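# Coordinates in review
What follows is the residue order along each chain.
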Amino acid sequence: MPVLVLSRRVGESIVIGEEIVITILEVRGGQVRVGVDAPRRVQVHREEVFRQVAAEDDPSGDDGPT
């Protein structure tokens, strides 16, 4: 599956739709801190948390797309 790859510097943002803004807050070593500004109705999770929640909600064991 193709993936959009964007380069950003600290303080720069990416806008998703009209309501979600992802801002690069800090880059330290191999870790990047990001801020997510989204409406409360939009759930935002780290991928590993999302997959864990999806696995708990799906008794078939299919945790969605890979």
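Quick notes on the rules
The numbering scheme is per chain: residues are counted from 1 as the chain's sequence reads. Selection of residues for local features in this predicted model requires a pLDDT of at least 70, selection of side-chain atom pairs for listing and counting requires 80 or more, and totals for whole chains, interfaces and linings are taken over all residues. By convention in this description, side-chain values take in all heavy atoms of the structure and omit both hydrogens and water. When DSSP finds at least two bridges between two strands, those strands are taken to pair. Comment: elements are numbered from the N terminus, with helices defined as DSSP H or I runs of at least four residues and strands as E runs of at least two. Here, axes are lines fitted to C-alpha atoms. For helices the fit covers the stretch in contact, and angles between N-to-C directions go from 0 to 180 degrees. What makes a salt bridge here is a side-chain nitrogen of Lys or Arg within 4 Å of a carboxyl oxygen of Asp or Glu, nothing more. The buried label goes to any residue with under 20% of its type's maximum accessible area, the exposed label to any with over 50%, and the partly exposed label to all in between, with areas taken from a 1.4 Å probe on protein chains only.

With that settled, the discussion passes to the sheet that holds strand β1 (residues 13-16). Strand order in the open sheet formed by three strands is β1-β2-β3, with antiparallel pairing between adjacent strands. The sheet is open, and its two borders are formed by β1 and β3 (31-37), each paired with just one other strand. Along the sheet, successive strands turn relative to each other by an average axial angle of 25°, direction set aside. With seven bridges joining them, strand β2 (residues 20-28) and β3 adopt antiparallel strand pairing. Paired with V21 across the strands is D37, a residue of β3.

What follows concerns the pattern of salt bridges. As enumerated under the stated definition, the model contains six salt bridges in all. With a closest N to O distance of 2.5 Å, E26 and R28 form a salt bridge. On the basis of relative accessible area, R28 is assigned to the exposed category, the value being 58%. R51 serves as the salt-bridge partner of E47, at 3.1 Å between the closest nitrogen and oxygen. Here E47 pairs with R51, and both are found in helix α1 (residues 47-57), just four residues apart, close to one helical turn. Judged by its relative accessible area of 25%, R51 is partly exposed. Linked by salt bridges that have partners in common, E26, R28 and R33 make up one network.

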